[in-house]
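Chain and residue survey
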Protein chains: 2
Amino acid sequence: MRYPDDHKQETRARVVKAAARSLRQQGPDRLAVAGVMAEVGLTHGGFYAHFASKEALLGAAVEEAFRQGRKRFALTTGDQDARAALEAYVDMYVSAAHRDGRELGCPITALAGDMARQAGPAREAFDTGIKSLIGGIASRLPGENEAANTALAGSLMAEMAGAVSLARAVADPALSDNLLEQSRAAIKARIAAVFESSDR
Amino acid sequence: MRYPDDHKQETRARVVKAAARSLRQQGPDRLAVAGVMAEVGLTHGGFYAHFASKEALLGAAVEEAFRQGRKRFALTTGDQDARAALEAYVDMYVSAAHRDGRELGCPITALAGDMARQAGPAREAFDTGIKSLIGGIASRLPGENEAANTALAGSLMAEMAGAVSLARAVADPALSDNLLEQSRAAIKARIAAVFESSDR
DNA sequence: GTTTTTATATGATACTCGTCATATAATGAA
DNA sequence: TTCATTATATGACGAGTATCATATAAAAAC
């Protein structure tokens, strides 16, 4: 059935978006090709007209999830100065809303465990995505040593992701909330310390 | 074949141990019942003489992994005083060795992502295990407010787990090492701050 | 030495899922 | 109106895997 020229690309984009959600929600093993297609209103057969394999879909889904993550970063930080931008990002990230919105949340928190044992395009896309997010944070840090800033940004990212990840795993809601609050404060304190020692 | 009375229990223990390794290495979905049995030198058929289901095995495996974690905590901290014990634990936990030893490492780091989407005995055992580890940390913190200490301990645990988890996900070894170092320093600084403000 | 017990093995079943060959149908072009 | 194109559907195959019924064999009990 001859559709408008861009129809196939649009369909592919919708499949990737659904996969990016399903991937964060269910992980790479429970994500089923037929399930993703069904979410978009299609059957499984057409899948291989769009992707070479499930692995290829996972790769595209990871890219999409990071694309959304960068968008949220940009939206959250807006045009604030570096320090305010980082603080706003931490507030948005280390929050109950993020904890409860796994399927649309940051792929690092949702997938770090899975990607450590994943090979292929998804793993590579994940690494690229991490570097990009860490770079975004590092570029807003005050120091002049780029390697040091990257490591510090990675460490901040790790603590943000760890806090949300553990908050998701803990069953007691009060403990989960408190844990997020403590981590948020600690991470913002680290940021404050870096900025204050830099303009001393 | 009638074996010594405790043979079955011993076999079961060996299966659980193998499962605890395989679970941390491969995750709950890729862990295969037949694979675990083969690791112990058995075939898949006997499995249901020991466990009611794969779910039951996962539950036992999570318990075993936390048992090992508590043992390592005790071994690392020894009879040092509270502050030294915590610092030693952080050094052991946020390390390249732990990053590289996933299959015998802390289940929180290895499984938090998976357990957030897991139901049944494994999920419950994971929650119990987390509480126990957090309790072990909280009991060594100086403050007198137990709820606050628990939340702080959870936050420290989250940052430790996050650091190791991200260090595993990052492909660049130098960045991974530096990230661990930065996180280790930041977490120990938090511990130092808590102790110093308490005996001021 | 024979019998009985029971831990483990063999083999089968059912189900999920990735993959692909082939069929279908809708639409733009002729 | 008919034809050619092609996105999607149908249906099948094979691999992996959880589960279970039944068989086997080894050791303890007699």
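Owing to the predicted nature of the structure, the values given are computational and were not obtained by experimental measurement. (Residues numbered from 1 in each chain as written. Chains lettered and ligands numbered in written order. Predicted model: local features only at pLDDT ≥ 70, side-chain atom pairs only at ≥ 80, totals over all residues.)

**Things to note about the overall build of chain A**
Assigned secondary structure in chain A consists of nine helices and zero strands. Listing the helices and strands of chain A from first to last along the sequence gives α-α-α-α-α-α-α-α-α. In terms of principal-axis extent, the alpha carbons of chain A reach across some 65 × 40 × 30 Å. Buried residues in chain A amount to 46% of all 200 residues. (Helix = DSSP H or I, 4+ residues; strand = E, 2+ residues; numbered from the N terminus. Buried ≥ 20, exposed ≤ 12 C-beta atoms within 10 Å, placed from the backbone.)

**With respect to the packing of helix 8 (residues 146-169) of chain A against helix 9 (residues 173-198) of chain A**
All names here are of chain A. At their nearest, the axes of helix 8 and helix 9 sit 9 Å apart, and the two run at 170 degrees to each other. Taken together, helix 8 and helix 9 sit at an angle that is classed as roughly antiparallel. Residue-level contacts link L152, L156, E159, M160, A163, L166 and A167 of helix 8 to S176, L179, L180, S183, I187, R190 and V194 of helix 9. Residues of the contact of helix 8 with helix 9, tallied by class, amount to ten nonpolar, two polar and two charged. (Axes fitted to C-alpha atoms, helices over the stretch in contact; angles between N-to-C directions. Parallel < 35°, antiparallel > 145°, perpendicular 65-115°, else oblique. Contact = placed C-beta atoms within 7 Å. Nonpolar A, V, L, I, M, F, W, Y, C, P; charged D, E, K, R; others polar.)

**What to know about the relation of the copies chain A and chain B**
Mapping chain A onto chain B calls for a rotation angle of 180 degrees and an axial translation of 0.0 Å; the resulting RMSD is 0.0 Å. Expressed as a symmetry operation, the mapping of one chain copy onto the other fits a two-fold axis. In terms of C-alpha distance to the rotation axis, chain A has G162 of chain A as its closest residue, with the C-alpha 1.8 Å off the axis. Residue by residue, 100% of the interface of chain A is reproduced at the interface of chain B, so both copies engage with the same surface. (Least-squares fit on C-alpha atoms with pLDDT ≥ 70 in both.)

**Quick word on the interface of chain A and chain B**
Contact residues are listed per partner, giving 39 residues for chain A and 39 residues for chain B. Residue assignment for the side of chain A that touches chain B shows that the elements contributing at least two residues are helix 1 (7-30), helix 6 (107-115), helix 7 (121-138), helix 8 and helix 9 of chain A. Take the side of chain A that touches chain B: its biggest share by element is 15 residues, from helix 8 of chain A. Taken together, the residues of the side of chain A that touches chain B break down into 20 nonpolar, eleven polar and eight charged.

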